[in-house]
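Examination of the molecular architecture
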Amino acid sequence: MSNNYLKLLFICTFCIILSSLSIRNTYASTIFEDNFDQYSSNTFPTKWINLYLNENQARCNASWNVNNSKLNLFIENQGSCTTNITPSSIYWPNNLNNYTYEMDATFVTGTDHNIIFRYDPISNNFYEIHFVSPGDFDFGFSNYVTNYKLSQNYPDDKTYHIIITINGRNIKVIVNNTLVRDITLNADLPPGKIALRAGTGSDPNSGIIYDNIKVTDYNNEYSSLPVPYLSQTNPIWGKDEYDHSQSLGFNPYTFDRWGCAVTSATMILNYYGFNHLPDSSPLTPGSLNQWLNNSQGYDYGIGSDGNYSYLNFAKIASLTHLLSSQNSSLPDLEWIPNFGKNPNNDTLIDKDISAAQPDIIRVTNAQTSSHFVVTTGKTASSYSINDPYWKYSDLTSFNNTYDAIEQFVPSHTNLSYITLVINPSVQILLNHNQQNNGKIYKNGQFSSYNDNPQILYQYEPPINNTDTSGKSMSLGTGVNSLLVPKPENGMYTIMLSSPKTVIYTLNLDTFQTEGSSKSSKIIGILTPNSPQTLVLNFNSDSPTTISATVTIDSTISDIKSLYSLKKINLIQKSELLAILQDAKAMQKSKFNIGYLTELKFTLKLLNTQKKNMTNEAFNILYYDLTTLTTN
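Calculation rules
- Residues numbered from 1 in each chain as written.
- Predicted model: local features only at pLDDT ≥ 70, side-chain atom pairs only at ≥ 80, totals over all residues.
- Heavy atoms only, no water.
- Helix = DSSP H or I, 4+ residues; strand = E, 2+ residues; numbered from the N terminus.
- Expected span 1.5 Å × (residues − 1).
- Buried < 20%, exposed > 50% of the residue type's maximum accessible area, 1.4 Å probe, protein only.
- Disulfide = S-S within 2.5 Å.
- Axes fitted to C-alpha atoms, helices over the stretch in contact; angles between N-to-C directions.
- Parallel < 35°, antiparallel > 145°, perpendicular 65-115°, else oblique.
- Contact = heavy atoms within 4.5 Å.
- Nonpolar A, V, L, I, M, F, W, Y, C, P; charged D, E, K, R; others polar.
- Arc of directions from axis to C-beta.
- Phe/Tyr/Trp six-rings, centres within 6.5 Å; stacked < 30°, edge-to-face > 60°.

**A closer look at unusual backbone geometry**
Note: most residues except glycine have negative phi, and most peptide bonds are trans. Following N251, the chain continues to P252 via a peptide bond in cis, the omega torsion being 5°. Even without being a glycine, K486 presents a positive backbone phi close to 45°. Counting through the fold element by element, K486 comes out in the loop between β31 (479-485) and β32 (490-497).

**Quick notes on helix α3 (residues 260-271)**
For α3, spanning 12 residues, the distance from its first C-alpha to its last is 16 Å, which sits close to the expected 16 Å at 1.5 Å a residue. Among the 12 residues that make up α3, 12 are buried, leaving the element largely enclosed by the rest of the structure. Taken together, the buried positions of α3 are occupied by C260, A261, V262, T263, S264, A265, T266, M267, I268, L269, N270 and Y271. Remark: G273 follows α3 within two positions and exhibits a positive phi of approximately 95°.

**Quick word on the state of the cysteines**
Inspection of the entire model under this criterion finds 1 disulfide. C60 shares a disulfide with C81; S-S distance 2.0 Å. Its torsion about the S-S bond being 100°, the disulfide of C60 and C81 is classed as right-handed. With C60 in the loop between β3 (58-59) and β4 (65-67) and C81 in strand β6 (residues 81-87), the pair connects residues that are 21 residues apart, well separated along the chain. Look at C60 and you get buried, because its relative accessible area is 10%.

**With respect to the packing of α3 against helix α4 (residues 285-294)**
Look at α3 against α4: their axes get within 9 Å of each other, and the N-to-C directions meet at 110°. By the criterion of interaxial angle, the relationship of α3 to α4 is roughly perpendicular. Taken together, the residues of α4 that come into contact with α3 (itself represented by V262, T263, A265, T266 and L269) are P285, L288, N289 and L292. For the contact of α3 with α4, a count of residues per class yields 6 nonpolar, 3 polar and no charged.

**Quick look at helix α9 (residues 595-609)**
Here α9 is 15 residues long and its end C-alpha atoms lie 21 Å apart, about the 21 Å a rise of 1.5 Å per residue gives. For α9, the full list of buried residues reads Y595, E598, L599, T602, L603, L605, L606 and Q609. Projected down its long axis, α9 carries its buried residues within an arc of 160°, all on one side. Projecting away from the buried face of α9 at angles above 90 degrees are the exposed residues T597 and K604.

**Considering the packing of aromatic side chains**
Scanning the entire structure with this criterion turns up 17 aromatic pairs. Between F36 and Y39, the ring centres sit 6.2 Å apart and the planes meet at 40°, which makes this aromatic pair tilted. Ring centres of Y242 and F255 lie 6.0 Å apart, and the angle between their planes is 50°; this geometry places the pair in the tilted category. Placement of the pair is Y242 in the loop between β16 (206-217) and α2 (255-258) and F255 in helix α2, with a sequence separation of 13 residues. On the basis of relative accessibility, which here comes to 1%, the residue Y242 falls in the buried class.

Shown next as structure tokens:
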């Protein structure tokens, strides 16, 4: 090989690497940032200058100072006054029209704390968010004419993470990850900088602390995050079995048909530098599929209304912790699900893209009712994506809509979780500390509860695809899922219910703080207006226990229901009921010595009949009888 060829190869390789790095840097470039760590205490921050606006209001006799690596301002016993500061940099881009302005703000005292997101040094006009604590905050400009008002409560002695996104005339305000304002101005904003403002009015005192101030430009709308592209149809893994699809009776059962979510997760993991599994083998969609199979990362089950398969994204998060413990340069990735397309979630995607954090989103179009892709950037009218199946380049191919966002956020925090997954014909109601979440069918009607808004309960559709002839196909029935992020320790009561007699499979996964997990699979049967109760004892630092309420009467009811569903025959029903009725009589008598013996005999009879009944029936009755004999 010639030296010239080697030199050319090196130059090409270097250009490719440089190009990928520059894409990421130019997409969301940082215009200004100050975390106040570099200043000595009781000093004015040198990245800022005092700003004197042409106002009739007096200037405050108070100074902005850094203490404990935070910016402080305290005004005491002064009449109506204002004080302002703005970044000192003269290299502020005049064409800065699309940017994100964020900070941590602690309202200490008083009722007047303001954030100027656009200050025009020529006219001395400014546009601001005006917090009135506690109470409302206004969206106003320099003459304090209020454009919009939203009833909120932002009391003192609390810290708020505030994000203001400016996209031309559109302004969004996010406080503690909640969109609280989304407006469109009727005129363009003038060129200018950001600023901070505080003052007094009816209250002669005001105290404010700021930290982690950052302005990020995303003017380059057509750039993309360098998320590596992977295809679920790659022949290296395309013909592997996806999840337990073959044993669940799905046809086709191959990864190339159903692997969009796993492939999307692999792209996210590779983007953050996760390129190997714990055994040092390469991390690919195929190897991740196998790891999930071996590590109980798929929740799957049978039921009267069909079988289901569900990828538990919390297991992906636990894998990142396992890998980061082997390599400290890798982050833990916390899984945060968000359901529905709304302005709040649009802002969430924008924020993540600006922070160079790609998301997994669930999309639909004429070809699919449930498909997963990865967001990689924002265009003038859509989002750019990595589509693992059709290879569409942006969200316009999916009607610019989505119905779920699966965030994987770099974090070194609590990864604990409770996930409950069940057949869609069965409802889940979770009770903890007298708070209810989920849904129950009782006394002929459904009742829904959402006492803790952090807990998510919804129907999640199955992955959907088209075959070679264009026929739509789904991976089972979908599931009802109940997701509890960062659950409190303690007792949780789970109630299962259904308006019809059904066989179900409940998958319960509990994740501890550091990501280790325990999986339980319960196959049971429900009848209308007879909810079943399970008790979960959760501890984020030790293994979780779960117990179900099983009695002789509930077991007798299960036998009768299984017979009505034609899962056992008349002889099996009669023999099992006869022995259980004897056991029930012994349990009620004063001489109940033979009670346990009868139960063990029933279990022995069940084992002899196993080959002549369905797997569902055997599993349900085996669970009932083993629970009775061990409790």
